[in-house]
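Residues per chain are reported as follows:
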Amino acid sequence: MYTPIIGMEIHVELKTKSKMFCGCPADHFGKKPNTQTCPVCLGLPGALPVPNKKAVEWTIMLGLALGSKIANVSKFDRKHYFYPDLPKGYQISQYDQPIATNGKLGEVRIRRVHLEEDTGKLQHKRNNTLVDFNRSGVPLVEIVTEPDIHSAEQAKIFLKKLHQIIRYLDISDADMEKGSMRLEPNISLNTGDFPKYKVEVKNINSFRFVGKAIDFEIKRHEQILEKGETPKQETRGWNEAKNETVSQRSKEEAMDYRYFPEPDIPPMRFSPSQISNIQSTIPELPDAKKVRFKKEYGIPDQDIEILLEEKADMFEELVKQGAKDHITPKEIANYMINKKSDHILADIKEAKNTMEISDEDIEQILAEHSKAVEDYKNGKQPALMFLLGQIKRKQPKADSQKILESLRKKL
Ligand code: ZN
Ligand code: MN
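Source: prediction; values computed, not measured.

Asker: What exactly am I supposed to notice about the overall build of the chain here?
Answerer: Secondary structure summary: the chain contains 13 helices and 16 strands in total. Its C-alpha atoms give the chain a radius of gyration of 31 Å, clearly above 22 Å, the size a compact globule of 411 residues would have. Counting only C-alpha atoms, the chain reaches 100 × 55 × 50 Å along its principal axes. Taking all 411 residues of the chain together, the buried fraction comes to 48%. Considering only intrachain contacts with a sequence separation of at least 6, the fraction spanning at least 24 residues in the chain is 65%. Accessible surface for the chain amounts to roughly 22400 Å². Of this, 50% is attributable to carbon and sulfur atoms. The average position of the 65 basic charges and that of the 62 acidic charges among the side chains of the chain differ by 1 Å.

Asker: Where do I start with the coordination of the manganese ion (ligand 2) in this structure?
Answerer: With distances of 2.0 to 2.2 Å, the protein atoms coordinating the manganese ion (ligand 2) are His11 (NE2), Glu116 (OE) and Glu142 (OE). Positions of the donor residues of the manganese ion (ligand 2), expressed as sequence spacing, correspond to H-x104-E-x25-E. Here the residue His11 occupies a position in strand β1 (residues 3–13), and Glu142 occupies one in strand β10 (residues 139–145), the gap between them amounting to 131 residues.

Asker: Just to check I follow, could you spell out the nonpolar core for this structure?
Answerer: Across soluble globular proteins, you tend to see nonpolar side chains buried next to one another. Grouped together as the largest cluster of nonpolar side chains are 89 residues, with contacts concentrated most on Ile10, Leu62, Ile143, Phe158, Leu183 and Phe315. No other element matches helix α2 (residues 152–169), which puts nine residues into this core. Membership of the second largest hydrophobic core comes to 15 residues, among which are Ile365, Ala383, Leu387 and Leu404.

Asker: How should the pairing of strand β9 (residues 128–132) be read in this particular structure?
Answerer: Along a regular strand, successive side chains alternate from one face of the sheet to the other. One ladder, built from five bridges, connects strand β8 (residues 121–125) with β9; its direction is antiparallel. Each residue of the ladder has a partner; that of Lys125, found in β9, is Asn128. What sits between the antiparallel neighbours β8 and β9 is a turn of two residues, in which Arg126 has the positive phi angle 45 degrees.

Asker: Would you mind going over the coordination of the zinc ion (ligand 1) with me for this structure?
Answerer: Any two of four tetrahedral donors ideally make an angle of 109.5 degrees at the metal, while pairs among six octahedral donors ideally make 90 or 180 degrees. Of the protein atoms, only Cys22 (SG), Cys24 (SG), Cys38 (SG) and Cys41 (SG) coordinate the zinc ion (ligand 1), at distances of 2.3 to 2.4 Å. Of note is the zinc ion (ligand 1), whose four donor atoms meet at the metal with angles of 101 to 116 degrees in an arrangement that counts as tetrahedral. Written as a sequence motif, the donor arrangement for the zinc ion (ligand 1) is C-x1-C-x13-C-x2-C. There is no split in this pair, since Cys22 and Cys24 are both buried.

Asker: Quick question: what am I supposed to make of the packing of aromatic side chains here?
Answerer: Each aromatic ring pair is described using two quantities: the centre-to-centre distance and the angle formed by the ring planes. In this structure the tally under the stated criterion is eight aromatic pairs. For the pair Phe209 and Trp238, a centre-to-centre distance of 6.2 Å together with 35 degrees between the ring planes defines the contact as tilted. Highlighted residues: Phe209 in helix α3 (residues 207–226) and Trp238 in strand β13 (residues 234–239), separated in sequence by 29 residues. Centre to centre, the rings of Phe293 and Tyr297 are 5.2 Å apart; their planes meet at 80 degrees, and the pair counts as edge-to-face. Of the two residues, Phe293 and Tyr297 both sit in helix α5 (residues 286–297), four residues apart, roughly one turn of that helix. A relative accessible area of 14% means that Tyr297 is categorised as buried. Taken together, Tyr81, Tyr95, Tyr257 and Tyr259 form an aromatic cluster joined through their ring pairs. Seen from the ring of Tyr257, Lys79 lies directly overhead, with NZ or CZ sitting 4.4 Å from the centre.

Asker: Is there a simple way to explain the side chain of Lys289 in this structure?
Answerer: For Lys289, the position within the fold is in helix α5. For Lys289, the contacting residues outside a window of four places in its chain are Tyr168, Glu284, Leu308, Ala312, Asp313 and Glu316.

Asker: Could you clarify how one ought to interpret unusual backbone geometry in this entry?
Answerer: Backbone geometry follows two general trends: most residues other than glycine have a negative phi, and most peptide bonds adopt the trans configuration. Even without being glycine, Asn203 reaches a positive phi, approximately 50 degrees. Secondary-structure assignment places Asn203 in the loop between β12 (199–202) and α3. If you check the backbone angles, Asn243 has positive phi at about 60 degrees while not being a glycine. Position of Asn243 relative to the elements: it lies in the loop between β13 and β14 (244–250).

Asker: Is there a simple way to think about the sheet that holds strand β5 (residues 90–93) in this case?
Answerer: Hydrogen bonds between backbone groups are what pair the strands of a sheet, and the pairing can be parallel or antiparallel. What the three strands build is an open sheet, ordered β5-β4-β15; its pairing is antiparallel. Looking at strand neighbours, the two that pair on one side only are β5 and β15 (260–261), the edges of this open sheet. In the sheet, strand β4 (residues 77–80) pairs with β15 via two bridges, with the strands oriented antiparallel. Bridge pairing links Arg78 to Phe260 in β15.

Asker: How do you make sense of the sheet that holds strand β11 (residues 181–190) when you look at a structure like this?
Answerer: The mixed open sheet is built from nine strands, whose spatial order is β2-β6-β7-β10-β1-β11-β12-β13-β14. The two strands at the open ends of the sheet, each matched to only one other strand, are β2 (69–70) and β14. With two bridges joining them, β2 and strand β6 (residues 100–105) adopt antiparallel strand pairing. The residue of β6 that forms the bridge with Lys69 is Thr101. Together, β2, β6, β7 (108–117) and β10 form the strand contacts of helix α1 (residues 53–65), whose direction differs from that of β7 by roughly 175 degrees. Here α3 sits on the sheet and contacts β1, β11, β12, β13 and β14; the angle it forms with β11, its principal contact strand, is near 20 degrees.

How each quantity is defined
- Residues numbered from 1 in each chain as written.
- Chains lettered and ligands numbered in written order.
- Predicted model: local features only at pLDDT ≥ 70, side-chain atom pairs only at ≥ 80, totals over all residues.
- Heavy atoms only, no water.
- Helix = DSSP H or I, 4+ residues; strand = E, 2+ residues; numbered from the N terminus.
- Rg over C-alpha atoms; globule rule 2.2 N^0.38 Å.
- Buried < 20%, exposed > 50% of the residue type's maximum accessible area, 1.4 Å probe, protein only.
- Contact = heavy atoms within 4.5 Å.
- Areas by Shrake-Rupley, 256 points an atom, 1.4 Å probe, with all protein chains shown as cover.
- Lys, Arg positive; Asp, Glu negative; His and termini not counted.
- Charge placed at Lys NZ, Arg CZ, Asp CG, Glu CD.
- Donors = N, O, S within 2.8 Å, 3.2 Å for Na, K, Ca; no water.
- Core = buried A, V, L, I, M, F, W, Y, C linked by side-chain atoms within 4.5 Å.
- Pairing = 2+ DSSP bridges.
- Tetrahedral: all angles 85-135°; square planar, octahedral: opposite > 155°, others 65-115°.
- Phe/Tyr/Trp six-rings, centres within 6.5 Å; stacked < 30°, edge-to-face > 60°.
- Lys NZ or Arg CZ within 6 Å of the ring centre and 35° of its normal.
- Axes fitted to C-alpha atoms, helices over the stretch in contact; angles between N-to-C directions.

Right, here's the structure in full:
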């Protein structure tokens, strides 16, 4: 039996107004290629990067939300590699002094949270490759976990939690279809000794595919280990169409990034008061909200989970408004979960009205059908059913048992 040892690297594009080191708009999705560029994000000689303050603050915020320690001093480094999506020949990233370290989310330790810049986008068309630099220089947060994950299921739970926190902090769309949150699991199997290899699967864009890629890798490694061999240390990609991972580059070709401190950006210092100011802007996070909802509203756990996805604020607003009409949090939660509507309170009120029948209504029916009342008093039981039928015609959703009770009382 082997134990899967899985770590995660997650890249998240921040939704700041401008890019990481220049004034170009950071919102690049769907824009005409190469219309949001300048000498800085095109890597032209002599252009000087100026860090985006908001991006730094948001990275600190995420670090704090993940229970990390924020560095007193943090700096940027150059990470070199040659690829056409990287105009400078290096990426400005962080190496040995990331903004945040030693966090934890659930059972998974967070090794580091650092800030870097996104690359341009390559488009392969027949025999040509086109480059769009609109994405070049967009602020990108990288979150790296310790290898504390042991199954595809656990990985998905962790990632969904992280995704939810990022959305609550409102620092990124974290839209995986648009590539603003990209997932990279690294996987090895423990055979008793600590594994001597690691396989990384790059750039996955859905929780489901991460799960599939992990399961695929676990099986593949098992088969290799069964033969007495060791899986190759390599980087692989997820092939959505074939439902499998494919080899991209092996350890022999692994890169030496030649990291060195970015000479154009001085180190950043964060004072305790700066950090506590940022801490105070963190909204109530999902876990805390969950505990409070349970206590305040007494709704079932699975309902809370669904509300926490995105409807938590709306739910609380409706609870406040609904209280006037004696609509309970439970009724609102039920309704919100089962039906989408802009008129939730009105709908619940109407539904409640149609289910209830007032004393006046019953008395009116009795007055209209005095013959049946007479018959019933003379011992003719079916007359009671006739009266019930008349009332149900008026309020089809009313509870028959309750109507019978009040009829017997009145007669
Ligand atoms: Zn620019
Ligand atoms: Mn990175």
